[in-house]
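# Coordinate analysis (summary)
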Amino acid sequence: MAVKETLKMGHPLLQQVAQPVTDFNTPALDALIQDMLDTMQALNGAGLAAPQIGVSQRVVIFGVDANPRYPDIEVVPQTVLINPQLTMLDDEMEEGWEGCLSVPGMRGLVPRYTRIHYTGRDQQGDSIERDASDFHARVVQHEVDHLDGILYPQRIRDLRNFGYESVLFPDLTPETEPPEARE
Ligand code: NI
């Protein structure tokens, strides 16, 4: 379909609670998901939420494929997740660096639950149910936050751990940066 413009932090739509999807297998939903896939691929992102392209509905996509250039990367299944619900499997949290397509050029150290259970629907309306940990769990929490109007800087405990990626990670270039930085 189309690569869409991504809204940037400060846009009021990114602060709204998005609406649940009620109808599946509609041209509008399929077009939204295709636009999201096209946009995430064009920007080399690890995840994207519908509000980031200006649609306030509870739809997220995410996924990281194995890549020989980044042997240490954690693979996350390519997923379309609609009306997600999260539960934490225990209280353990860990800090990790995040970036966001709506906060370009920045990185922050964000605490997330290490182990979660999530449910939702796929593009056809069939149910999805998974346990996830570590980076997979981090990506899902980041994307679901978008549906509740929360951007990762709001989760940073110490704002000294928020800055420009070119300063924090001066050795990274667009060619060497793993895609997990962009959600
Ligand atoms: Ni994001």
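Placed above this text is the structure.
These remarks concern the structure in this document.

## Regarding the packing of aromatic side chains
Where two aromatic rings form a pair, the distance of their centres and the angle of their planes describe that pair. The full count for this structure, using the stated rule, is 3 aromatic pairs. Ring plane angle 80° and centroid distance 6.2 Å describe the contact between Phe62 and Tyr118, whose orientation is recorded as edge-to-face. Within this pair, whereas Phe62 is found in strand β2 (residues 59–64), its partner Tyr118 is found in strand β6 (residues 115–121), the two being separated by 56 residues in sequence. Exposure class is identical for Phe62 and Tyr118. Each is buried. Seen from their ring centres, Trp97 and Phe169 are 5.3 Å apart, and the 90° between their planes marks the pair as edge-to-face. Taken together, the positions of Trp97 in strand β4 (residues 93–98) and Phe169 in the segment after α3 (165–168) put the pair 72 residues apart, joining distant regions of the chain. Accessibility expressed as a relative area gives 34% for Trp97, which makes it partly exposed. Accessibility expressed as a relative area gives 23% for Phe169, which makes it partly exposed.

## Things to note about helix α1 (residues 27–42)
In this model, α1 (16 residues) spans 22 Å end to end at C-alpha, consistent with the 22 Å of a helix rising 1.5 Å per residue. Turning to α1, its buried residues are Leu29, Leu32, Ile33, Asp35, Met36, Asp38, Thr39 and Met40. Where α1 terminates, the next one or two residues include Asn44, which has phi positive at roughly 55°.

## A look at the sheet that holds strand β7 (residues 127–133)
Taken in spatial order, the 5 strands make up an open sheet running β1-β2-β3-β6-β7, and their pairing is antiparallel. Edge positions in the sheet fall to β1 (47–49) and β7, since each of these pairs with one other strand and no more. Each strand of the sheet is rotated relative to its neighbour by a mean of 35°, with strand direction disregarded. In the packing of α1 onto the sheet, contacts are made with β1, β2 and β3 (76–88), and the angle to β2 comes to roughly 35°.

## Digging into the environment of Ile61
Note on placement: Ile61 falls in strand β2. C-alpha of Ile61 to C-alpha of Phe169: the two residues are 108 residues apart in sequence and 26 Å apart in space. Beyond its immediate stretch of four places on either side in the chain, Ile61 contacts Met36, Leu37, Met40, Gly47, Leu48, Thr79, Val80 and Glu143.

Reading the values: the criteria
- Residues numbered from 1 in each chain as written.
- Predicted model: local features only at pLDDT ≥ 70, side-chain atom pairs only at ≥ 80, totals over all residues.
- Heavy atoms only, no water.
- Phe/Tyr/Trp six-rings, centres within 6.5 Å; stacked < 30°, edge-to-face > 60°.
- Helix = DSSP H or I, 4+ residues; strand = E, 2+ residues; numbered from the N terminus.
- Buried < 20%, exposed > 50% of the residue type's maximum accessible area, 1.4 Å probe, protein only.
- Expected span 1.5 Å × (residues − 1).
- Pairing = 2+ DSSP bridges.
- Axes fitted to C-alpha atoms, helices over the stretch in contact; angles between N-to-C directions.
- Contact = heavy atoms within 4.5 Å.

So far we have only geometry, and geometry alone does not tell us how the molecule works.
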